[in-house]
Amino acid sequence: MELTELIKDYVATKLLSSIELDFLEGELWETTQHIEEINTVFKAPKNICEKLDLNEKSCWQLCCAAVLDSLRPLKNGQKRVDDLKKLINQYQISLS
């Protein structure tokens, strides 16, 4: 499994299996746990960002967070996208 392919699949079908969602959650968790070690993230294509209601210059990790917010919202009402945006700004991670 690959993060970008799963996000592309979701955008095309609006469906992911629980195993695929578990994978995305694991990827996002890894990102947030090691955020201080990340220098650059890769920008997702404009059409993917638009379909996920994100800024057109969003990274794949934000797309992952948006998919999870849509299909597996947090019980406390928090948004993974908002939390990750704060971390990206805090650690001044650049887009590539």
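All of these numbers come straight from a predicted model, not from anything done at the bench. (Residues numbered from 1 in each chain as written. Predicted model: local features only at pLDDT ≥ 70, side-chain atom pairs only at ≥ 80, totals over all residues. Heavy atoms only, no water.)

Once that is clear, we can look at the environment of Ile 93. Positionally, Ile 93 belongs in the loop between α5 (80-90) and β2 (94-95). In sequence terms Ile 93 and Cys 59 are 34 residues apart; their C-alpha atoms lie 10 Å from each other. Not counting the four nearest positions on each side in its chain, Ile 93 is found in contact with Ile 35, Ile 38, Asn 39, Thr 40, Val 41 and Ile 88. (Helix = DSSP H or I, 4+ residues; strand = E, 2+ residues; numbered from the N terminus. Contact = heavy atoms within 4.5 Å.)

Another aspect to go through is helix α4 (residues 60-71). Here α4 contains 12 residues, and its C-alpha end-to-end distance of 17 Å stays within 8% of the 16 Å for a straight helix at 1.5 Å per residue. For α4, the buried fraction is high: 10 of the 12 residues fall into the buried class. For α4, the full list of buried residues reads Trp 60, Gln 61, Leu 62, Cys 63, Cys 64, Ala 65, Ala 66, Val 67, Leu 68 and Asp 69. Elements that come into contact with the buried residues of α4 comprise α1 (3-13), α2 (18-33), β1 (40-41), α3 (46-51) and α5. (Expected span 1.5 Å × (residues − 1). Buried < 20%, exposed > 50% of the residue type's maximum accessible area, 1.4 Å probe, protein only.)

Our focus in this paragraph is the nonpolar core. Counting residues in each nonpolar core, the largest one holds 29 residues, and the members touching the most others are Ile 7, Leu 24, Leu 52, Leu 54 and Cys 63. Going through the elements one at a time, α1, α2, α3, α4 and α5 are the ones with two or more residues in this core. Ignoring anything within four residues of it in the chain, the contact list for Leu 54 reads Cys 49, Leu 62, Cys 63, Ala 66 and Val 81. (Core = buried A, V, L, I, M, F, W, Y, C linked by side-chain atoms within 4.5 Å.)

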